[in-house]
Amino acid sequence: MGRYIIRRLLQAIPLLLIISIVIFLLLQSSGDPLATMGGRRTVRPEDRARLARQLGLDKPVYKQYIYWLAGNDWLKIDFDGDGIPETTGTRKGVLRGDFGTSLVSRGKSALSLIGERLPNTLILMIPAEIIMLIFALSIGIYSALRQYTWVDQVVTTGSFIGYSMPIFFIALASMYLFAVNFRKWGLPYLPTVGMFDPKVGKTFGQVVLHMVLPIFSMSVVSVSAYSRYVRSQMLEVNNQDYIRTAHAKGLTDRQVLIGHALKNAAIPIVTLVGIEIPFLLGGAVVTETIFGWPGMGRLFIDHLTRSDTPVVMGILMLISVAVVVCQLITDIVYAWLDPRIRYS
Amino acid sequence: MAIPNPENPPAAIARIEKTQLTFIQLVWLRFKRHKMAVAGIISLILLVLFAILGTAFTTEAYSNITDTSIRLMPPSHEHPFGTDTVGRDILSRTIYGGQISLMIGLIAMAVEVVVGVLIGAIAGYYGGIIDSLLMRFTEAMFNIPQIPLLLVLGKLLADKVPPLNLFGREFSGSVIVIMVVIGLTSWMGLARIVRANFLSLKEREFVTAAHCIGTRNGPIIFGHILPNTMAPIIVSATLGVANAIISEAYVSFLGVGVRPPTATWGNMLNGAYQYIESAPWLWIFPGILIVLTVLSINFIGDGLRDALDPHSLVESK
């Protein structure tokens, strides 16, 4: 097992390198970060040249990538534009944990920007994922145990519809109903945007209240998708011989369900969660945008539209690493859930 | 027989074989039983008619007229769906936007199918080093999150392609970019399915027979093996249309997809959340149209999955 993990991690290195090169190339040609640096005024050509030189944007792409990856403190760069390299570089490079400085939020490192937003995203996503799992498992198992009853029919159709819904529609519709119209009708209503009411402050109650609608919107789609998998897997497991054996030796339904069926029925859920967690780290771009949640998703889209390569690269690499790690964890959990799976 | 009813499956099959149904008829027979899928087809036809026949009542130029003196007007007799933030008529924009959204769905699906089938077929048929290289590549594509990648590519390319004229209409170049980009970021699942099918089919006798009579690799791949793996491809392609429409909506919703003035259902929603309280018609109409389209297509895909499954039996009349 240990050797398997090491081999998988070694295999991931070239993969991550290739991903970083591809994304870096795409981002380099995707826009001009200098265009918006002068605020409302257009940037003068001589300022532009100076900025590009100081930020290293005048270098060819492959050099910029090497500086991003390995830093430039091992060579001298031309800082004042006289053609003679004289200043030692300051960047350490990603390999040594330096993701560079944001081009938009001047003076802040990409890592500190991400560090500010990541907790906000986690505050939203961890409860969301837990709620989704609880609902998906209970709905899926319940309807599988009552296959072809009207409850099952309603659940199957409902989950099909929910799973076809684009998240922005659910988000906008729930916001319209529970926030706008509830207020109009004089009912207790939910807040729509942000993490807390500035008048009240960032208290626990406020944050929870502001989490209700985003979590609801995300859950509708994910619970529908998850519960469909749980239901079909549960139906398959229930037809297996070992379940019949368990019943035959006199276990109660509950014991069979919890002790025997559930573990095998959980395998597709582990896959789904393993795929989803990395993307949760990246934040739900659409959900966070609609509900004004100051998380990673909005950081990503705000800095992408302003061509802030270091921050965008930082977020994407974080997600990519998370994907690799989560896939590995998923595989390990498989082996634990199903002893027939062995890795060598 | 002791049990006259229900009829046992072999008898049902025998009866179908007797009546000499073609494959298409057989599929249709199975498909018809799926009520939601039939409802999906009907509602999809209505949606397509809305986008096509609507053009008889309004022109694209009209859908792009901006008049800020009538901005954010609620639905009225003159503007049945209201007007948007710069005073454009939302009804005519949903008609022309619908054409673009549906077209994006179809063409992105075509790109997805071509790339997915080619990569899957080549990897599965040739195996060995080609297979492992292509599958590593597929895996790498899977590892890049799709929505962020779409956003990066949309931002990168959408402004670079000049507007183009097609069928006498002016399209924003970003339409083409978005179609291709969505197609190029969504083929991985299909490639894996096709590869898996090729791996098992290439060992079958009919393929060996084709090799023996000297058939070349190309005709074997496309003429012999591919037709046997059409069912999952058709189902993936159907669902691919719905996914492409949703992906376009996500990207355009965030403002890096199809650029105005060309309307799509997705970019009509861009910024609409800021008017959730004052102008709900901004998002209700395009939003409902997207939901209806995606739902219909998904129901059709679900019905096709059952209908094309060779193991599913049919109770014919």
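Nothing here was measured: the structure is a model prediction, and the numbers come from that model.

### Thoughts on the overall build of chain B
Okay, step 1: The helix and strand inventory of chain B stands at 13 helices and two strands.
Okay, step 2: The burial tally for chain B puts 41% of its 317 residues in the buried class.

### Some details on the overall build of chain A
Okay, step 1: Secondary structure assignment for chain A yields 13 helices and two strands.
Okay, step 2: Relative to the 2.2 N^0.38 estimate, which gives 20 Å for 344 residues, the radius of gyration of chain A is 25 Å and therefore markedly larger than a compact globule would have.
Okay, step 3: In chain A, which comprises 344 residues, the proportion classed as buried is 31%.
Okay, step 4: By sequence separation, contacts in chain A at least 24 residues apart represent 63% of the contacts at least 6 residues apart.

### A few points about unusual backbone geometry
Okay, step 1: With phi around 70°, tyrosine 148 of chain A is a residue other than glycine that occupies positive phi space.
Okay, step 2: With respect to the secondary-structure elements, tyrosine 148 of chain A resides in the loop between helix H4 (110–145) and helix H5 (150–164).

### Points about the packing of helix H12 (residues 230–253) of chain B against helix H13 (residues 281–308) of chain B
Residues and elements named next belong to chain B.
Okay, step 1: The N-to-C vectors of H12 and H13 enclose an angle of 170°; their axes lie 9 Å apart at closest approach. It follows from the interaxial angle that H12 and H13 lie roughly antiparallel. In this structure, H12 uses Ala231, Ile234, Val235, Thr238, Leu239, Val241, Ala242, Ile245, Ile246 and Ala249 to contact H13, whose residues at the interface are Ile290, Thr293, Val294, Ile297, Asn298, Ile300, Gly301, Leu304, Arg305 and Leu308.
Okay, step 2: Looking at the contact of H12 with H13 residue by residue, the classes come out as 15 nonpolar, four polar and one charged.

### Some details on the interface of chain B and chain A
Okay, step 1: Facing 29 residues of chain B, the contacting portion of chain A comprises 33 residues.
Okay, step 2: Elements represented by at least two residues in the side of chain B that touches chain A include exactly helix H6 (128–143), helix H7 (146–157), H12 and H13 of chain B.
Okay, step 3: A breakdown of the residues in the side of chain B that touches chain A according to their chemical character gives 24 nonpolar, three polar and two charged.

### Examining the confidence of the model for chain B
Residue and element names in this part refer to chain B.
Okay, step 1: On average, residues of chain B score 82 in pLDDT, and 89% of them are at 70 or above.
Okay, step 2: When pLDDT is averaged over each element of chain B, helix H5 (residues 90–126) comes out on top at 91 and helix H1 (residues 9–19) at the bottom at 61.
Okay, step 3: Scored below 50 in pLDDT, residues 313–317 makes 13 contacts in the model with residues more than four places away or belonging to other chains.
Okay, step 4: Across the whole predicted complex the pTM is 0.83, and at the interface the ipTM reaches 0.79.

### Some remarks on the environment of tyrosine 65 of chain A
Residue and element names in this part refer to chain A.
Okay, step 1: If you trace the backbone, tyrosine 65 turns up in helix H3 (residues 61–70).
Okay, step 2: C-beta crowding within 10 Å serves as the criterion here: with 17 such atoms nearby, tyrosine 65 is assigned to the partly exposed category.
Okay, step 3: Separated by 45 residues in sequence, tyrosine 65 and serine 20 have C-alpha atoms that sit 9.0 Å apart.
Okay, step 4: Discounting chain neighbours no more than four positions away, the residues touching tyrosine 65 are Ile21 and Phe24.

Thresholds applied
- Throughout, residues of each chain are indexed from 1 in the direction in which the sequence is written.
- Note on labels: chains are lettered from A, ligands numbered from 1, in written order.
- Where totals are concerned, whole chains, interfaces and linings use all residues; where local detail is concerned, this predicted model gives features only for residues with pLDDT of at least 70, and gives and counts side-chain atom pairs only at 80 or more.
- Secondary structure counts use DSSP, requiring at least four H or I residues in a row for a helix and at least two E residues in a row for a strand, with both numbered from the N terminus.
- Counts of 20 or more other C-beta atoms within 10 Å of a residue's own C-beta define buried residues, counts of 12 or fewer define exposed ones, and intermediate counts define partly exposed ones; C-beta atoms are placed from the backbone.
- Atoms considered for the radius of gyration are the C-alpha atoms alone. The globule rule reads 2.2 Å times the number of residues to the power 0.38.
- The contact criterion used here is simple: two residues whose C-beta atoms, placed from the backbone, lie within 7 Å are in contact.
- Think of each axis as a best-fit line through the C-alpha atoms, taken over the contacting stretch in the case of a helix, with angles from 0 to 180 degrees between the N-to-C directions.
- Any angle that is under 35 degrees is reported as roughly parallel, and any over 145 degrees as roughly antiparallel; angles of 65 to 115 degrees are reported as roughly perpendicular and all others as oblique.
- Classes in brief: Ala, Val, Leu, Ile, Met, Phe, Trp, Tyr, Cys and Pro nonpolar; Asp, Glu, Lys and Arg charged; the others, Gly included, polar.
- A residue's pLDDT is simply how confident the predictor is in it, with values from 0 to 100.

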